[in-house]
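Residues per chain are reported as follows:
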Amino acid sequence: MNQLTTLPEVMTLQEVAAYLRLPEATIERHASQGQLPGRRIEETWRFLKAALDEWLRTQDSRTILLQQAGAFADDETMDQLRASIYAERGRPETE
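Residues numbered from 1 in each chain as written. Predicted model: local features only at pLDDT ≥ 70, side-chain atom pairs only at ≥ 80, totals over all residues. Heavy atoms only, no water.

S.K.: Describe in detail the environment of A31, supporting the description with residues and values.
M.R.: Its place among the elements puts A31 in helix α2 (residues 24–32). Judged by relative accessible area, A31 falls into the buried class, the value being 7%. Not counting chain neighbours up to four residues away, the residues in contact with A31 comprise L36, W45 and F47. (Helix = DSSP H or I, 4+ residues; strand = E, 2+ residues; numbered from the N terminus. Buried < 20%, exposed > 50% of the residue type's maximum accessible area, 1.4 Å probe, protein only. Contact = heavy atoms within 4.5 Å.)

S.K.: Describe helix α3 (residues 49–58), listing the residues and the values that go with them.
M.R.: Three or more residues of α3 are buried, namely K49, L52 and D53. On an axial view of α3, the arc spanned by its buried residues comes to 100°, and they lie on one face. Where α3 is buried, its residues meet β1 (10–12), α1 (13–20) and β3 (44–48). (Arc of directions from axis to C-beta.)

S.K.: Summarise unusual backbone geometry; cite the residues concerned and give the values.
M.R.: The phi dihedral of R21 falls on the positive side, at around 55°, and the residue is not glycine. Residue classification places R21 among the exposed positions, given a relative accessible area of 70%. Phi is positive for E42, which is not a glycine, with a value near 55°. Tracing the backbone shows E42 in the loop between β2 (39–41) and β3.

S.K.: Can you break down the sheet that holds β3 residue by residue, with the values?
M.R.: On the basis of which strands lie adjacent, the open sheet formed by three strands has the order β1-β3-β2 and antiparallel pairing. In this open sheet, the two strands that pair with only one neighbour each are β1 and β2. Adjacent strand axes in the sheet meet at a mean angle of 35°, parallel and antiparallel pairs treated alike. In this structure, β1 lies alongside β3, joined through three bridges in antiparallel fashion. The residue of β3 that forms the bridge with T12 is R46. Along the sheet face, α1 touches β1 and β3 and points at about 90° away from the line of β1. In the packing of α3 onto the sheet, contacts are made with β1 and β3, and the angle to β3 comes to roughly 70°. (Pairing = 2+ DSSP bridges. Axes fitted to C-alpha atoms, helices over the stretch in contact; angles between N-to-C directions.)

If you want it as C-alpha cells, here you go:
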C-alpha cells in the first residue's frame, strides 16, 4: 500500500507538501494568501485532504489568474502601470 492512500483526513503542512510534491514554504505561502484551502491554528497549519483534492480538481491557471487580476480591479495605479509596461516594451496597448 503506498503512502498516498494512507494519508489522514486532516493533514499537516509537512504532509501536504509531500502530497503535492512542493516545498513547505510554497504550501504555507499559498495557504496564507488564501490560494490553498487550509486553516492556521495558532502556529500550525491543518488541511482537509478532501478539500485539497477538490481544489486540485477545480483549479486551473485561468481561474487563478482571473482571481488575482480581480484583486487589482479597484487599484488606481493600474492604468499607469499598464501604460508604462507597454511603453517599456515599445508596443502600443491596442493594435
